Amino acid sequence: GQFPLGVEIRTDSCTRSENDSLIKLSRELSGNEYAPETCGIENAGKASLSNPWTSPPKCIPEQNSTSTYCVYTNDKFANGRGISFLTSPSIAERIALLPAFTKKNLYKKVNQFDDPPWEVKAIPGRGKGLFAIRTLHRGEEIVSSTPVGAFQSDALMPDYALDYIYLHTAFIHLPKATQQLFMSTMAGLVGDPIMERLNTNAFSGEFEGSSHFLMYPETARMNHDCRPNAMYYYDPKTLIHRTIAARTIQSGEEITIPYDNILRPREERQTSLREFWGFSCGCSLCSRSDKEIEDSDARIQEILDLQVKLANWSPWSSGTPNMAEMLISLYEEEHLHAAKATGHTFAALAYNGVGNKMMAEWHAELALEAGMVNSGPNDDITAMKKLLDDPEGHWSWMARKAKAEL
Ligand SMILES: C[S@@+](CC[C@H](N)C(=O)[O-])C[C@H]1O[C@@H](n2cnc3c(N)ncnc32)[C@H](O)[C@@H]1O
């Protein structure tokens, strides 16, 4: 999984299957469309509010597993882009009630790729990537799209050969143009072609607390960088995934996102990317000199220590506004643009904690602005709004000063 800054947004790695013979078998089987059993709703082709599926759900016959997983497709979703799920019936029922399926006109401004501010180009050793074709300003939207597929991770575990048939059913039910888009994404040469594309490209998300792999083909074209210039967030109600410029991106520059927790020393980042993503990271930071890496690793350690101290509000808490200011400087030195909101949130709380209302409000405003740019509406933003509404009524007010005076 992926936690770029130890916070919740993440892309995913999916465990690569070790069992080559099963992958081969599945691949052979997947040449033909199997006719999996139809279950549940019978009115195929007639999507409605309570039943948005345009194909009859097809369910994996239960064998040793106690769970049922089925394929659900709406091939008209998001103005004809289509979407397929491989998930359990109870989750599909909840998904059908999401605004994504019950509200009209949500997708007028998403999946617009006629005139994007980027182009796809090949990069030696990294396949392809997205490159800005004009200056992109901080906060500007780069890609906003709906997933073409969402696959419950547990559904892909118990029996690879059988599960892959359903994965292929989910794929085949998508409109032809969407199938082509799916297949245009990068994949390893061995293994099941659909599963491999999920392994290489899927983002992780949750429905009803269950992990799913979500396929956003255009966004998946972006390569990883340990100091990315773009960030993304995902709205679980509309399923829209947005990638936003985290700083000014010059024309000609590659647009990059984080796949993994980037607040770790190089060795750890590289091991994780190798083990979970299967590639050796050749990003801007990882390719620096040993001395530069050593300095960067030391700053990262300092950042981690400060974050722990500032997040501690126990009676033994030692966080101070100075530490928060230092943290913000270190984020800047490390080019961690996406951490701006986190830094100002820590600072707002730290200042409020010692009763410095003016500085608390100033940082809360900055945290709000940066938070909206990088991650859209979220819990941190709600917390900062609360602090701004009534600093003295906020839980953090004088919380550290009171202790210091005890
Ligand atoms: C989601 S895809 C990114 C787009 C891909 N390059 C393409 O051509 O479509 C992920 C794959 O891109 C390559 N990749 C992404 N970031 C990389 C990096 N920092 N260093 C080396 N390879 C990278 C790896 O092969 C990885 O498995």
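See the structure printed just above.
Everything numeric in this text was worked out from a predicted model, so none of it was measured.

Visitor: Would you take a moment to explain the state of the cysteines for this structure?
Guide: Covalent bonding between the sulfur atoms of two cysteines defines a disulfide. Counting across every chain of the model gives one disulfide. The partner cysteine of Cys59 in its disulfide is Cys70, sulfur to sulfur 2.1 Å. Of note, the bridge from Cys59 to Cys70 carries an S-S torsion of about 100° and is right-handed in sense. Placement of the pair is Cys59 in strand 1 (residues 58-59) and Cys70 in strand 2 (residues 70-74), with a sequence separation of 11 residues.

Visitor: I keep staring at the pairing of strand 5 (residues 127-132) and nothing clicks. Help me out?
Guide: The side chains of a regular strand alternate between both faces of the sheet. In this structure, strand 4 (residues 118-123) lies alongside strand 5, joined through six bridges in antiparallel fashion. Among the inter-strand pairings, Glu119 is bridged to a residue of strand 5, identified as Phe131.

Visitor: How should I be thinking about the site of the ligand in this particular structure?
Guide: Around the ligand, 17 residues are found, and the nearest of them are Arg126, Lys128, Arg221, Asn223 and His224. In the environment of the ligand, an oxygen atom lies 2.6 Å from a nitrogen or oxygen atom belonging to the backbone of Lys128. Asn223 is positioned such that a nitrogen or oxygen atom in its side chain is 2.8 Å from a nitrogen atom of the ligand. Burial of the ligand by the protein chains amounts to 93% of its free accessible area of 560 Å².

Visitor: Could you clarify how one ought to interpret the sheet that holds strand 11 (residues 230-234) in this entry?
Guide: Note: strands within a sheet are paired through backbone hydrogen bonds, in either parallel or antiparallel orientation. An order of 6-12-11 is seen for the three strands of this open sheet, with the pairing classed as antiparallel. Two strands bound the open sheet, and with one partner strand each, they are strand 6 (141-145) and strand 11. Neighbouring strand axes in the sheet, compared pairwise and without regard to direction, differ in orientation by 15° on average. With five bridges connecting them, strand 11 and strand 12 (residues 241-245) associate as antiparallel partners. Bridging across to strand 12, Ala230 finds its partner in Ala245. Against the sheet, helix 12 (residues 357-375) makes contact with strand 11 and strand 12, and its axis sits at roughly 80° relative to strand 11, the strand it touches most.

About the cut-offs
- What you see as residue numbers is a count from 1 along each chain, following the sequence as written.
- For a predicted model such as this one, the threshold for reporting local features is a pLDDT of at least 70, and the threshold for listing and counting side-chain atom pairs is 80 or more; totals across whole chains, interfaces and linings nevertheless cover every residue.
- As a rule here, side-chain values come from all non-hydrogen atoms in the structure, and water together with hydrogens is ignored.
- Pairs of cysteine sulfur atoms within 2.5 Å are identified as disulfides in what follows.
- Numbering of helices and strands runs from the N terminus, with a helix taken as a DSSP run of H or I at least four residues long and a strand as a DSSP run of E at least two residues long.
- Should DSSP find at least two bridges between two strands, the strands are regarded as paired.
- For this description, a residue counts as near a given molecule or strand if any of its non-hydrogen atoms is within 4 Å of it.
- Side-chain atoms alone can form a polar contact between residues adjacent in sequence; in general such a contact is a pair of N or O atoms within 3.5 Å, and within protein one must be able to donate a hydrogen while the other accepts it.
- For the accessible areas, the method is Shrake-Rupley and the probe is 1.4 Å, while residue cover comes only from the protein chains on display.
- Angular values range over 0 to 180 degrees, each being the angle between N-to-C directions of two axes fitted as lines to C-alpha atoms, with helices fitted over their stretch in contact.
- By definition, residues are in contact when any of their heavy atoms lie within 4.5 Å.

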